[in-house]
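Listed below are the residues making up each chain.
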Amino acid sequence: QVHLVESGGGLVQAGGSLRLSCTAGRSFFGGKAMAWYRQAPGKQRELVASITMGGTINYADSVKGRFTIFRDTAGKTVYLQMNMMNFDDTAVYYCAAGENMGNLNSWGQGTQVTVSS
């Protein structure tokens with residue numbers, strides 16, 4: 001397992017932008033699958049975006065066209081650029097990593113994102 005540290009959450013007004021980052025520990029080799037999830041109070045955790053070692057990127061329909069996931073060249077940091085945000089984006093956002101999308105066994109502590117409408 002890899003220790004992941006998230007940052008970048010905060011308060012933003014509707015229509016604004018935030019960029020989240022998640023950095024893996026030194027033991028992380030890079031090139032593994034990484035993803036962003038979010039969970040709002042009273043709701044199930046949902047996959048927001050993911051990127052695999054092969055470069056395959058997927059987005060939830062609700063964020064497609066507004067959010068962008070990308071990682072640094074070393075593969076140790078994954079980012080989530082969130083644009084045109086709305087109230088429904090309010091949630092705790094978690095990053096996850098693993099050998100592949102079927103084995104995301106490392107998780108960050110979560111970072112709160114709040115959008116004011």
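These lines cover the structure that appears in this document, whether it is placed above or below. Sequence positions are assigned chain by chain, starting from 1 and proceeding in written order. Local features in this predicted model are restricted to residues whose pLDDT is 70 or higher, and side-chain atom pairs enter the listing and the counts only when it is 80 or higher, whereas totals over whole chains, interfaces and linings include all residues. Hydrogen atoms and water are omitted, and side-chain values are computed over all heavy atoms in the structure.

Comment: elements are numbered from the N terminus, with helices defined as DSSP H or I runs of at least four residues and strands as E runs of at least two. Summing up its helical and strand segments, the protein chain has 0 helices and 11 strands in all. Along the chain direction, N to C, the helices and strands of the protein chain fall in the order β-β-β-β-β-β-β-β-β-β-β. C-alpha atoms define the radius of gyration, and 2.2 Å times the number of residues to the power 0.38 defines the globule rule. For the protein chain, whose C-alpha radius of gyration is 13 Å, the value lies close to the compact-globule estimate of 13 Å for 117 residues. The buried label applies to any residue whose accessible area, calculated with a 1.4 Å probe on protein chains only, is under 20% of its type's maximum; exposed applies above 50%, and partly exposed to all values in between. In the protein chain, which comprises 117 residues, the proportion classed as buried is 44%. Note on contacts: a residue pair is in contact if any heavy atoms of the two residues lie within 4.5 Å. Partitioning the intrachain contacts of the protein chain with sequence separation of at least 6 by distance along the chain shows that 55% fall at a separation of at least 24. Under the convention used here, a 1.4 Å probe and the Shrake-Rupley method define accessible areas, while residue burial counts only the protein chains that appear. Working note: accessible area of the protein chain is about 6200 Å², and carbon and sulfur atoms make up 50% of it.

On to the pattern of salt bridges, then. A side-chain nitrogen of Lys or Arg and a carboxyl oxygen of Asp or Glu constitute a salt bridge if their distance falls within 4 Å. Under the defined criterion, the tally for this structure stands at 4 salt bridges. Residue K32 is joined to E99 by a salt bridge in which the shortest nitrogen-to-oxygen separation is 3.0 Å. Taken together, the positions of K32 in the loop between β3 (18-24) and β4 (33-39) and E99 in the loop between β9 (91-98) and β10 (104-107) put the pair 67 residues apart, joining distant regions of the chain. On the basis of relative accessibility, which here comes to 16%, the residue K32 falls in the buried class. In this structure E99 comes out as partly exposed when scored by relative accessible area, which is 44%. Between E46 and R38 there is a salt bridge; the shortest N-O distance is 2.7 Å. Given the relative accessible area of 34%, E46 is considered partly exposed. What makes R38 buried here is its relative accessible area of 5%. Overlapping salt bridges, with partners in common, bring together R38, E46, R66 and D89 in one network.

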